[in-house]
Amino acid sequence: MWIVTIGLQTFVLPDKRPIELPEDVIGLMFVLYGLLAVSVLMGTLVSTMINNKYYMKFFSIIAIVGLATLLTTKSMFG
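Note that the coordinates shown come from a computational prediction; the quantities given were computed from them, not determined experimentally. (Residues numbered from 1 in each chain as written. Predicted model: local features only at pLDDT ≥ 70, side-chain atom pairs only at ≥ 80, totals over all residues. Heavy atoms only, no water.)

Participant: Teacher, can you tell me more about a nonpolar patch on the surface here?
Facilitator: A cluster of nonpolar side chains, contributed by Val4, Leu8, Val12 and Leu13, occupies part of the molecular surface with about 350 Å² of accessible area. The residue valine 4 is located in helix H1 (residues 2-12) in this model. (Patch = residues over 30% accessible without salt bridge, like charges linked within 9 Å, V, L, I, M, F, W, Y side chains within 5 Å. Areas by Shrake-Rupley, 256 points an atom, 1.4 Å probe, with all protein chains shown as cover. Salt bridge = Lys/Arg side-chain N within 4 Å of Asp/Glu carboxyl O. Helix = DSSP H or I, 4+ residues; strand = E, 2+ residues; numbered from the N terminus.)

Right, dumping it as structure tokens:
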């Protein structure tokens with residue numbers, strides 16, 4: 001949720017168009033995507049080890065949503 005909020009505030013709905021890309025916001029988004037990827041992988045691994053179908057589906061959906069946001073961002077900003 002934080003990734004989407006930062007992306008919308010910075011790139012889609014800014015008060016005025018930035019002349020240069022804000023490097024600190026881009027760095028923060030990379031860190032957040034990295035944490036999301038690590039947590040999804042850890043959750044998938046643990047849910048597979050304890051054989052819990054609900055959490056397997058949950059973390060699979062989170063992974064798909066994360067990849068979809070990356071593809072959407074890539075398609076919007078080249």
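Participant: I'm lost on the nonpolar core in this one. Help?
Facilitator: Most often, soluble globular proteins have nonpolar side chains that are buried together. Membership of the largest hydrophobic core is limited to 7 residues, which are Ile3, Ile6, Phe11, Val25, Met29, Leu32 and Tyr33. Contributions of two or more residues to this core are made by H1 and helix H2 (23-49). Each residue touching valine 25, except ones within four places of it in the same chain, is listed here: Ile6 and Thr10. (Core = buried A, V, L, I, M, F, W, Y, C linked by side-chain atoms within 4.5 Å. Buried < 20%, exposed > 50% of the residue type's maximum accessible area, 1.4 Å probe, protein only. Contact = heavy atoms within 4.5 Å.)

Participant: Can you help me understand unusual backbone geometry in this one?
Facilitator: Glycine aside, residues mostly have negative phi, and peptide bonds are mostly found in the trans state. For asparagine 51, which is not a glycine, the phi torsion comes out positive at approximately 55 degrees. Here asparagine 51 shows up in the loop between H2 and helix H3 (53-77). Look at asparagine 51 and you get exposed, because its relative accessible area is 53%.

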